[in-house]
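Analysis of the macromolecular model
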Amino acid sequence: MDITLVNMPWASVEYPSLACAILKATVNRTGNHRARVVDANLDFFDWMHRYVAAGVRDYDFFSLESHFQGCGDWVFSSALYGDPEWRVAEFQEHRELDDERKQLCLRLHRVVPEWVERYAAELIGTLGDLVGFTTTFQQNTAALALARALKELRPDVRVVLGGANCDGEQGAAWHRDFDFVDLVVRGEGEVVLPELLDHLDRGADLTGVPGLCWRDASGLAIANPMTAAPLPPARIVAPDFDGYLM
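The rules behind the values
Residues numbered from 1 in each chain as written. Predicted model: local features only at pLDDT ≥ 70, side-chain atom pairs only at ≥ 80, totals over all residues. Heavy atoms only, no water. Helix = DSSP H or I, 4+ residues; strand = E, 2+ residues; numbered from the N terminus. Rg over C-alpha atoms; globule rule 2.2 N^0.38 Å. Buried < 20%, exposed > 50% of the residue type's maximum accessible area, 1.4 Å probe, protein only. Contact = heavy atoms within 4.5 Å. Areas by Shrake-Rupley, 256 points an atom, 1.4 Å probe, with all protein chains shown as cover. Phe/Tyr/Trp six-rings, centres within 6.5 Å; stacked < 30°, edge-to-face > 60°. Salt bridge = Lys/Arg side-chain N within 4 Å of Asp/Glu carboxyl O. Core = buried A, V, L, I, M, F, W, Y, C linked by side-chain atoms within 4.5 Å. Axes fitted to C-alpha atoms, helices over the stretch in contact; angles between N-to-C directions. Parallel < 35°, antiparallel > 145°, perpendicular 65-115°, else oblique. Left-handed = near helix turned anticlockwise from the far one by under 90°. Nonpolar A, V, L, I, M, F, W, Y, C, P; charged D, E, K, R; others polar. Expected span 1.5 Å × (residues − 1). Pairing = 2+ DSSP bridges. Right-handed = clockwise from strand over helix to strand, strands pointing away.

1. Things to note about the overall build of the chain
Counting secondary structure elements, the chain contains ten helices and seven strands. Here the C-alpha atoms of the chain give a radius of gyration of 18 Å, agreeing with the 18 Å that 2.2 N^0.38 yields for 246 residues. Projected onto the principal axes, the alpha-carbon positions of the chain cover approximately 55 × 40 × 35 Å. Per-residue burial over the chain gives 52% buried out of 246 residues. Put simply, 71% of the contacts in the chain that link residues at least 6 apart link residues at least 24 apart. Just so you have it, the chain exposes about 11,900 Å², and 52% of that area is on carbon and sulfur atoms.

2. What about the packing of aromatic side chains?
Tallying each qualifying case throughout the model produces 16 aromatic pairs. Note on Trp10 and Phe62: the rings are 4.3 Å apart at their centroids and 20° apart in plane angle, and the pair reads as stacked. Of this pair, Trp10 sits in the loop between strand E1 (2–7) and helix H1 (18–28) while Phe62 sits in helix H3 (residues 56–65), and the two are 52 residues apart along the sequence. Judged on exposure class, the residue Trp10 and its partner Phe62 are both buried.

3. Remarks on the pattern of salt bridges
A complete count under the given rule lists ten salt bridges for this structure. The residue Arg34 makes a salt bridge to Asp2 at a minimum N-O spacing of 3.1 Å. Placement of the pair is Arg34 in strand E2 (residues 34–38) and Asp2 in strand E1, with a sequence separation of 32 residues. With its nearest N and O atoms 3.7 Å apart, the salt bridge here joins Arg176 to Asp177. Under the relative-accessibility criterion, Arg176 is labelled exposed at 51%.

4. Examining the nonpolar core
Core analysis: the biggest nonpolar cluster contains 58 residues, and Phe44, Phe62, Leu108, Phe133 and Leu146 have the highest contact counts within it. Looking at this core, the element that brings in the most residues is helix H7 (residues 99–123), giving ten residues. Not counting chain neighbours up to four residues away, the residues in contact with Phe133 comprise Val6, Met8, Ala143, Leu146, Ala147, Leu150, Val159, Val160, Leu161 and Gly162. Membership of the second largest hydrophobic core comes to 20 residues, among which are Leu130, Val185, Leu193 and Leu197.

5. Digging into the packing of H7 against helix H8 (residues 140–153)
At their nearest, the axes of H7 and H8 sit 9 Å apart, and the two run at 55° to each other. Accordingly, the angle class assigned to the pair H7 and H8 is oblique. For the pair H7 and H8, the sense of crossing is right-handed. The residues of H8 that touch H7, namely those facing Val116, Tyr119, Ala120, Ala121 and Leu123, are Ala145, Leu146, Ala149, Leu150 and Leu153. Partitioned by chemical class, the residues of the contact of H7 with H8 number ten nonpolar, no polar and no charged.

6. Focus: helix H10 (residues 189–202)
For H10, which comprises 14 residues, the first-to-last C-alpha distance of 19 Å matches the rise-based estimate of 20 Å (1.5 Å per residue) to within 8%. Buried residues of H10: Gly189, Glu190, Val192, Leu193, Pro194, Leu196, Leu197, His199 and Leu200, and no others. One or two steps after H10, the chain reaches Gly203, where phi turns positive at roughly 70°.

7. A look at the pairing of E2
The pairing of E1 with E2 spans five bridges and is parallel. Each residue of the ladder has a partner; that of Val6, found in E2, is Val38. Handedness of the crossover joining E1 and E2 through H1 is recorded here as right-handed.

8. Some details on the environment of Thr136
Take Thr136: it is sitting in the loop between strand E3 (130–134) and H8. Remark: the alpha-carbon pair of Thr136 and Gly163, spanning 27 residues in sequence, is separated by 6.1 Å. Leaving out residues up to four positions away in the same chain, Thr136 has contacts with Ala164 and Asn165.

Structural data, given as structure tokens:
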């Protein structure tokens, strides 16, 4: 099986995704499956620079500084919910932001739906059997927005979420609340993802894949128990950064 791993905003533009690089190496070393990485955060930064005249300092505000304000997630909410006015009035009452930052957020909120739509159209022809999103910090809404757009264009592609923001009950909630998310990997992706791909390739039952959130034939959301066992040292692989634009 082929899987496309997508690193969304607001991941740093200063270095590649360690999570994607490890998963890429893990999948490709199986010999049965193939993974590639799409650095959507870099593509978004280029677009943001051209169309909103924003620079690295502006991007870093979302990537490094605004975790507790949730600005990065709110910016993409207009694309996720298909509403350019999604909670704009409430956001304008945000008292922790200066006017410059607030106006940047409002401008991006208005225009990111266009980027998501165009980016999905560009990606759709090169996707594999699955598209996986790693989500940490403020990547949730951006990942969900693009996932929904891809699913609308190609309903047969399987959408998989994983990463730190998917552990425990939070991962189960993403899966339960967004029906275009087919699968959620909770726990160490190096262990779960190859096993998941093998199961899907064989059409096998998914109940034994640790920590996986999936749906049965009736559409019922199921969350498999997570394992508490640490990753064995022998399972740790070197990340594969080949193809990253240095």
